Amino acid sequence: MTSRTKLKIGDLELDEGLILAPMAGITDLSFRRIIKSFGADLVTSEMVSAEGLVRNRASTRFLINSHREEKPLSIQLFGSEPSVISEAACIVADEGADVIDLNMGCPVPKVLRQGAGAQLLREPKKIKEIVEAVRRVVSIPLTVKTRSGWSKSQINILEVARAVEDGGADAITIHPRTAKQGFSGKADWYVISQVKQTVTIPVIGNGDVTRPEQVSEMKQLTGCNGVMIGRGAMGNPWLFKQAKELARGERVSIPSVRERLEIMGRHLDLYKESLAGRQNLSGIRSRLMWYSKGLRGSARLRASLSGCRDWETMIKVCEDFFATLEE
Ligand SMILES: Cc1cc2nc3c(=O)[nH]c(=O)nc-3n(C[C@H](O)[C@H](O)[C@H](O)COP(=O)(O)O)c2cc1C
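Residues numbered from 1 in each chain as written. Predicted model: local features only at pLDDT ≥ 70, side-chain atom pairs only at ≥ 80, totals over all residues.

Colleague: Where do I start with the pairing of strand β5 (residues 73–78) in this structure?
Modeller: Sheet faces and side chains relate simply in a regular strand, where the side chains alternate between the two faces. Most of β5 is tucked away, with 6 of its 6 residues classed as buried. Where burial is concerned, the two faces of β5 agree: the one with Leu-73, Ile-75 and Leu-77 and the one with Ser-74, Gln-76 and Phe-78 are both buried. Across 5 bridges, strand β4 (residues 43–49) lies against β5 in parallel orientation. Looking at the pairing, Thr-44 lines up with Ser-74 of β5. Sheet analysis places β5 next to strand β6 (residues 99–104), joined by 4 bridges and oriented parallel. Looking across to β6, one finds that Ile-75 is bridged to Ile-100. Traced from β5 through helix α4 (residues 82–94) to β6, the parallel crossover comes out right-handed. (Buried ≥ 20, exposed ≤ 12 C-beta atoms within 10 Å, placed from the backbone. Helix = DSSP H or I, 4+ residues; strand = E, 2+ residues; numbered from the N terminus. Pairing = 2+ DSSP bridges. Right-handed = clockwise from strand over helix to strand, strands pointing away.)

See below:
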């Protein structure tokens, strides 16, 4: 199998099935626009509370703000009540989402307490009910993102995957760690291949892809139809471009220091724009730090940024840092 197969989710055809993962606090509009500009075939929002949308909470509605540049866009919903999730699904479909993704893998206590996210792994019947309920009310592509199971002794992904397919979803994404595992250990890609052999809907693999060659490796080892990338994309949007260059048999381009600085600046401009006048210094600081990860002297930069009390000084500190690298 080549790594250039297309991914079809419902009637949405995606070039090479390279997808940006949903990450709360990270995959906001600014980040999605940057990643899209580097060739992601589909970008995903942060997880959005179905309840919050239905109650029309401003902070929740903010999360579904979108821009034509990032399309197609998948909006991820979390919740536990089929009626509430389907009402929220109608809202995001009306707002122009191209795909609805249902979160059935988040292990964060705040989400688990609501019976949502990974808690649903313990109730495969409810998974089917939720997917069916959403399927009944929206016609746009519908996907589910999940984990291997609740814990090492309760790995039930194959049962869950069947429930997702029977409920009428168009694709399933697997992050092959258990809920209890959080982010520890390694993602067990073998689980992705087991799911692939169990269901007929497209399977999207996710977990620990941080280098371009790992995209085709994951496809070849698991037979998955698409690859979703999360943490590896933070401060490294080039990963998407490089994976595509590799798949086309082209030379992989390495960003220059100047290009890094330029993209970081663009990211921050978009982030600032999305904040609409509000200051979020820690949000800005963390984004700046992503782009210096792994570079010579980045620990020093991190220390200097921690001491900055305004946006302009932070940018200046970064520019000086990158200037020393250029020399
Ligand atoms: C900061 C952070 C926030 C995340 N938020 C979400 C989320 O909102 N919804 C979700 O399904 N997964 C979420 N995830 C999990 C990622 O989507 C992905 O499954 C996981 O990071 C493994 O992929 P990776 O190794 O490519 O990062 C989050 C991960 C991180 C690191």
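Colleague: Could you clarify how one ought to interpret the site of the ligand in this entry?
Modeller: Contacts to the ligand come from 22 residues, most closely from Ala-21, Met-23, Met-47, Gly-230 and Arg-231. Tallied by class, residues from the shell around the ligand come to 9 nonpolar, 9 polar and 4 charged. (Near = placed C-beta within 6 Å. Nonpolar A, V, L, I, M, F, W, Y, C, P; charged D, E, K, R; others polar.)

Colleague: Would you take a moment to explain the packing of helix α12 (residues 281–292) against helix α14 (residues 311–326) for this structure?
Modeller: What describes two packed helices is the angle between their axes and the distance between those same axes. Contact geometry for α12 and α14: axes closest at 11 Å, N-to-C directions at 10 degrees. Taken together, α12 and α14 sit at an angle that is classed as roughly parallel. Where α12 abuts α14, its residues Ile-284, Arg-285, Leu-288 and Ser-292 lie against Trp-311, Met-314, Cys-318 and Phe-321. (Axes fitted to C-alpha atoms, helices over the stretch in contact; angles between N-to-C directions. Parallel < 35°, antiparallel > 145°, perpendicular 65-115°, else oblique. Contact = placed C-beta atoms within 7 Å.)

Colleague: I tried to follow the sheet that holds strand β10 (residues 226–229) on my own but got confused; where do I start?
Modeller: The strands making up a sheet are joined through hydrogen bonds of the backbone, oriented either antiparallel or parallel. Strand order across the open sheet formed by 8 strands is β3-β10-β9-β8-β7-β6-β5-β4, with parallel pairing between neighbours. What marks the edges here is a single partner per strand, and that holds for β3 (18–20) and β4. The sheet shows a mean angle of 30 degrees between the axes of neighbouring strands, taken without regard to direction. Strand direction decides the pairing type here: β6 and strand β7 (residues 142–149), joined by 5 bridges, are parallel. Among the inter-strand pairings, Leu-102 is bridged to a residue of β7, identified as Val-144. Helix α8 (residues 189–198) contacts β7, β8 (171–178) and β9 (203–206) of the sheet and is inclined by roughly 145 degrees relative to β8. Of the strands in this sheet, β3, β9 and β10 are in contact with helix α9 (residues 213–222), which crosses β10 at around 135 degrees.

Colleague: Any chance you could explain the nonpolar core here in plain terms?
Modeller: Leu-77, Val-92, Ile-100, Leu-102, Val-164, Ile-172 and Val-227 are the most contacted members of the largest nonpolar core, which totals 77 residues. When residues no more than four places from it in sequence are discounted, the contact partners of Ile-100 are Ile-75, Leu-77, Ala-89, Val-92, Ala-93, Val-134, Val-138, Ile-140 and Leu-142. Leu-288, Leu-301, Cys-318 and Phe-322 belong to the second largest nonpolar core, which has 11 residues in total. (Core = buried A, V, L, I, M, F, W, Y, C linked by C-beta atoms within 7 Å.)

Colleague: Can you walk me through α12 in this structure?
Modeller: Residue pairs three or four apart in sequence face the same way in an α-helix, which turns once every 3.6 residues. Compared with an ideal rise of 1.5 Å per residue, which puts 12 residues at 16 Å, α12 spans 17 Å between its outermost C-alpha atoms and is within 8% of the ideal. Where the residues of α12 are buried, they touch α11 (257–275), α13 (298–306) and α14. Taken from the residues just after α12, Gly-294 is the one with a positive phi, measuring 80 degrees. (Expected span 1.5 Å × (residues − 1).)

Colleague: Would you mind showing me how to read helix α7 (residues 157–167) here?
Modeller: If you check which residues of α7 are buried, you get Ile-157, Val-160, Ala-161, Ala-163, Val-164, Glu-165 and Gly-167. Lining the buried residues of α7 we find α6 (124–137), β7, β8 and α8.

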